[in-house]
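Spelled out, the chains give:
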Amino acid sequence: MANPFSLQRLRSLGTSLRSNAAPRLRSAWEWIRASARNAVITALAVALVGGVVPVLLTHLLTPSAPECPGAGCDGKSPLTQGCAADAVTFEPQQDNPVRLHLRYSKHCGVVWARVLQAKAGDAVTQRVDGGSAQSAVVDYGRDRFTDMSVVEESFGVTACAVPSTQESRTWDKYCIKATDKSAWSE
């Protein structure tokens, strides 16, 4: 029986281990490097999502401060200026053929009119007592709002929906009046 610890056998075993182990070690090392790289990329992605996304969502979901409180708002859009965020609505429910309503932003100090069930060609107007007037025509869809008019702390405003003359309608010009003391609702 041959000696399992003979010099020739040990040399052969060493050569065999070196030649078989090297590719395995190289393969293991490549796997460790790839896994570490993936772990770093994953950690960075988690940190980015966990840190940046909440800040972005907070910024996007928080109504921005109005850009134009007061006289700077006159004739501008309530949506683009941020005045719609705190606005309240006055809308008579009875005999309102097109859902005409007035919107009021106390923070911006403005009002505007909106019609919700109109047709293309219908117009919506609003006039502040002793102040400016705005109007808009429904281009497409069923709703449209006017630009804003500045109001004082105590005010009166009239809004009207005017039907298009292009087709027969079941209603004539419809107007509503509101003041700062009207039943505004959120």
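1. Digging into the sheet that holds strand β4 (residues 123–128)
Pairing within the open sheet is antiparallel, and its four strands lie in the order β5-β4-β8-β9. The two strands at the open ends of the sheet, each matched to only one other strand, are β5 (133–137) and β9 (174–179). Direction aside, neighbouring strands of the sheet carry axes that sit 15 degrees apart on average. With six bridges connecting them, strand β8 (residues 156–162) and β9 associate as antiparallel partners. By the bridge assignment for β9, Ala161 is matched with Tyr174.

2. Things to note about the pairing of β5
Burial of β5 is one-sided: the residues Gln134 and Ala136 facing one way are buried, the residues Ala133, Ser135 and Val137 facing the other way are not. Taken together, the five bridges between β4 and β5 define a ladder with antiparallel strand orientation. Pairing of Thr125 across the sheet is with Ser135, part of β5. Count of turn residues in the β4/β5 antiparallel hairpin: four residues, of which Gly130 carries a positive phi of about 75 degrees.

3. Overview of the pattern of salt bridges
Under the criterion given, the structure shown has six salt bridges. One salt bridge connects Arg169 with Asp122, and the closest N-O pair in it is separated by 2.6 Å. Linking Arg169 in the loop between β8 and β9 with Asp122 in the loop between β3 (110–115) and β4, this pair joins segments that are 47 residues apart in sequence. Accessibility assignment for this pair places Arg169 and Asp122 in one class, buried. Its salt-bridge partner being Asp139, residue Arg144 comes within 3.2 Å of it at the nearest N-O pair. Owing to a relative accessible area of 30%, Arg144 belongs among the partly exposed residues under this scheme. Accessibility expressed as a relative area gives 53% for Asp139, which makes it exposed.

4. Notes on the nonpolar core
If you look at the biggest cluster of nonpolar residues, it comprises 24 residues, and the most contacted ones within it are Leu100, Leu102 and Trp184. At the level of secondary structure, the elements contributing two or more residues to this core comprise β1 (88–90), β2 (100–105), β3, β4, β8 and β9. Core analysis: the next-biggest nonpolar cluster, separate from the first, contains eight residues, Cys68, Cys83, Ala87 and Cys108 among them.

5. Overview of the side chain of His101
The topology assignment puts His101 in strand β2. Residue classification places His101 among the buried positions, given a relative accessible area of 5%. Not counting chain neighbours up to four residues away, the residues in contact with His101 comprise Thr89, Phe90, Glu91, Trp112, Ala113, Arg114, Leu116 and Ile176.

6. Topic: the packing of aromatic side chains
Taken as a whole and judged by the stated rule, the model has four aromatic pairs. Ring plane angle 55 degrees and centroid distance 4.9 Å describe the contact between Tyr104 and Phe155, whose orientation is recorded as tilted. Here the residue Tyr104 occupies a position in strand β2, and Phe155 occupies one in the loop between β7 (149–150) and β8, the gap between them amounting to 51 residues. Look at Tyr104 and you get buried, because its relative accessible area is 11%. When the centroid spacing of 6.3 Å and the interplanar angle of 50 degrees are considered together, the rings of Phe155 and Trp184 count as tilted. Of the two residues, Phe155 sits in the loop between β7 and β8 while Trp184 sits in the segment after β9, which places them 29 residues apart along the sequence. Look at Phe155 and you get buried, because its relative accessible area is 7%.

7. With respect to the state of the cysteines
Tallied over the full model, the rule gives three disulfides. Disulfide pairing places Cys83 opposite Cys108 at an S-S distance of 2.2 Å. Judged by the sign of its S-S torsion, about -95 degrees, the bond between Cys83 and Cys108 is left-handed. With a gap of 25 residues between them, Cys83 in the loop between α1 (7–61) and β1 and Cys108 in the loop between β2 and β3 connect regions that are remote in the sequence. Across this residue pair, the class does not change: Cys83 and Cys108 are buried. The disulfide partner of Cys160 is Cys175, and the gap between their sulfur atoms is 2.0 Å. On the sign convention where negative means left-handed, the S-S torsion of about 105 degrees between Cys160 and Cys175 marks this disulfide as right-handed. Of this pair, Cys160 sits in strand β8 while Cys175 sits in strand β9, placing them 15 residues apart in sequence. Residue Cys160 is classed as buried on the basis of its relative accessible area of 7%.

Calculation notes
Residues numbered from 1 in each chain as written. Predicted model: local features only at pLDDT ≥ 70, side-chain atom pairs only at ≥ 80, totals over all residues. Heavy atoms only, no water. Pairing = 2+ DSSP bridges. Helix = DSSP H or I, 4+ residues; strand = E, 2+ residues; numbered from the N terminus. Axes fitted to C-alpha atoms, helices over the stretch in contact; angles between N-to-C directions. Buried < 20%, exposed > 50% of the residue type's maximum accessible area, 1.4 Å probe, protein only. Salt bridge = Lys/Arg side-chain N within 4 Å of Asp/Glu carboxyl O. Core = buried A, V, L, I, M, F, W, Y, C linked by side-chain atoms within 4.5 Å. Contact = heavy atoms within 4.5 Å. Phe/Tyr/Trp six-rings, centres within 6.5 Å; stacked < 30°, edge-to-face > 60°. Disulfide = S-S within 2.5 Å.

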